[in-house]
Amino acid sequence: EDQVTQSPEALRLQEGESSSLNCSYTVSGLRGLFWYRQDPGKGPEFLFTLYSAGEEKEKERLKATLTKKESFLHITAPKPEDSATYLCAVQARKDDMRFGAGTRLTVKP
Amino acid sequence: EPEVTQTPSHQVTQMGQEVILRCVPISNHLYFYWYRQILGQKVEFLVSFYNNEISEKSEIFDDQFSVERPDGSNFTLKIRSTKLEDSAMYFCASGIGRGHSPLHFGNGTRLTVT
């Protein structure tokens, strides 16, 4: 069965303190790995898609990387507005996008 | 930037009542989805819809659920007889492709069944 595990569950950083979030996955035939940001009471907001091992994507302070077993979301010099829950999801079968439980990030000023 | 819109933002209903949740997907998208998120739990797939028919559905999407695209812009989720355990955030999503394209989510409808 396809599984997505995110760690840590929660992460507290000081503003400017860089760190990484992990997403480990077990799927048959990965078609895409997705990172989303979710603010409280809102829907997931698309950040990145990664399709193959070795691929990297960047957007502002965020950088996503992919290996055959896991993906990392690196946050460089975070700001308080980066506080959110970051969700990882994988697409293997046709339509069932499987989500992880998320990492709740808090960035303190 | 185009977005997926959902109404209402919050729906309170009594157990056994029917509810209809509404969504307007992004206009040039062809694939439509419903997901749900029970408080504190993962986002879960319910159903996908393409070319006016269900493409795939999860075990959660039983006979109490139905989806419809009544016109060229709306996409609805109906729950025929709500149960307490149906209380959750329901997210509509749309995508331009299938299987490997990102989904764009609305901000959800919080359904509370009392």
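Residues numbered from 1 in each chain as written. Chains lettered and ligands numbered in written order. Predicted model: local features only at pLDDT ≥ 70, side-chain atom pairs only at ≥ 80, totals over all residues. Heavy atoms only, no water.

Undergrad: Before we go on, may I ask you to explain the packing of aromatic side chains in this structure?
TA: Two numbers describe a pair of aromatic rings. These are the distance of the centres and the angle of the planes. Applying the stated criterion to the full structure yields 14 aromatic pairs over all chains. Look at Tyr36(A) and Phe105(B): their rings are 5.5 Å apart centre to centre, the planes differ by 90 degrees, and that puts the pair in the edge-to-face class. Taken together, the positions of Tyr36(A) in strand β4 (residues 32-38) and Phe105(B) in strand β10 (residues 104-105) put the pair across two chains. As far as the burial class goes, Tyr36(A) and Phe105(B) line up, both buried. Considering the side-chain rings of Phe99(A) and Phe105(B), the 6.0 Å spacing of their centres and the 75 degrees angle between planes classify their relative orientation as edge-to-face. You can see Phe99(A) sitting in strand β10 (residues 97-99) and its partner Phe105(B) sitting in strand β10, one on each of two chains. Cluster of aromatic residues (ring-pair linked, three or more members): Tyr36(A), Phe46(A), Phe99(A), Tyr33(B), Tyr35(B), Phe45(B), Phe91(B) and Phe105(B). (Phe/Tyr/Trp six-rings, centres within 6.5 Å; stacked < 30°, edge-to-face > 60°. Helix = DSSP H or I, 4+ residues; strand = E, 2+ residues; numbered from the N terminus. Buried < 20%, exposed > 50% of the residue type's maximum accessible area, 1.4 Å probe, protein only.)

Undergrad: Honestly, the state of the cysteines in this entry has me stumped. Any pointers?
TA: The term disulfide refers to a covalent linkage connecting the sulfur atoms of a pair of cysteines. For the structure on display, the rule yields 2 disulfides over all chains. The partner cysteine of Cys23(A) in its disulfide is Cys88(A), sulfur to sulfur 2.0 Å. For the disulfide bridge between Cys23(A) and Cys88(A), the dihedral angle about the S-S bond is near -60 degrees, and by the sign convention the bridge is left-handed. Of this pair, Cys23(A) sits in strand β3 (residues 19-26) while Cys88(A) sits in strand β9 (residues 84-91); the two residues are 65 residues apart in sequence, bridging distant segments of the chain. The buried category is assigned to Cys23(A), whose relative accessible area is 0%. With relative accessibility at 0%, the residue Cys88(A) sits in the buried group. Residue pairing for Cys23(B): its cysteine sulfur links by disulfide to Cys92(B), the two sulfurs lying 1.9 Å apart. Handedness of the Cys23(B)-Cys92(B) disulfide follows from its S-S torsion of about -65 degrees: it is left-handed. Here the residue Cys23(B) occupies a position in strand β3 (residues 19-24), and Cys92(B) occupies one in strand β9 (residues 88-95), the gap between them amounting to 69 residues. (Disulfide = S-S within 2.5 Å.)

Undergrad: Any chance you could explain the sheet that holds strand β1 (residues 5-7) of chain B here in plain terms?
TA: Strand pairing in a sheet takes place through backbone hydrogen bonds and is either antiparallel or parallel in direction. All names here are of chain B. Reading across from one edge, β1-β3-β8-β7 is the order of the 4 strands in this open sheet, with antiparallel pairing throughout. What marks the edges here is a single partner per strand, and that holds for β1 and β7 (65-68). Here the average twist between neighbouring strands, direction ignored, is 20 degrees. Relative to β3, β1 is paired through 3 bridges, and the arrangement is antiparallel. (Pairing = 2+ DSSP bridges. Axes fitted to C-alpha atoms, helices over the stretch in contact; angles between N-to-C directions.)

Undergrad: Before we go on, may I ask you to explain the nonpolar core in this structure?
TA: Across soluble globular proteins, nonpolar side chains show a tendency to be buried alongside one another. In terms of nonpolar packing, the biggest core is built from 24 residues, with Leu33(A), Trp35(A), Leu73(A) and Tyr86(A) touching the most fellow members. Among the secondary structure elements, those contributing two or more residues to this core are β2 (10-14), β3, β4, β5 (45-50), β7 (62-66), β8 (70-75), β9 and β11 (103-108) of chain A. With 4 residues, β9(A) is the single largest residue contributor to this core. Discounting residues that sit within four places of it in the chain, Leu33(A) has contacts with Cys23(A), Tyr25(A), Phe48(A), Thr49(A), Leu50(A), Leu66(A), Ser71(A), Cys88(A), Ala89(A) and Val90(A). Membership of the second largest hydrophobic core comes to 21 residues, among which are Val19(B), Trp34(B), Val67(B) and Cys92(B). (Core = buried A, V, L, I, M, F, W, Y, C linked by side-chain atoms within 4.5 Å. Contact = heavy atoms within 4.5 Å.)

Undergrad: So what exactly am I meant to see when it comes to the interface of chain A and chain B here?
TA: Interface extent is often summarised as the accessible area lost during association of the parts. Each partner contributes to the interface: chain A provides 22 residues, whereas chain B provides 21 residues. Taking both partners together, chain A and chain B bury about 1,800 Å²; carbon and sulfur atoms supply 51% of that area. The tally of links between chain A and chain B comes to 0 salt bridges. The tally of links from chain A across to chain B stands at 4 residue pairs in polar contact (both at pLDDT 80 or more). (Buried area = accessible area lost by both parts, 1.4 Å probe. Salt bridge = Lys/Arg side-chain N within 4 Å of Asp/Glu carboxyl O. Polar contact = N/O pair within 3.5 Å; in protein donor to acceptor, adjacent residues only side chain to side chain.)

Coordinates in, geometry out; function isn't part of it.
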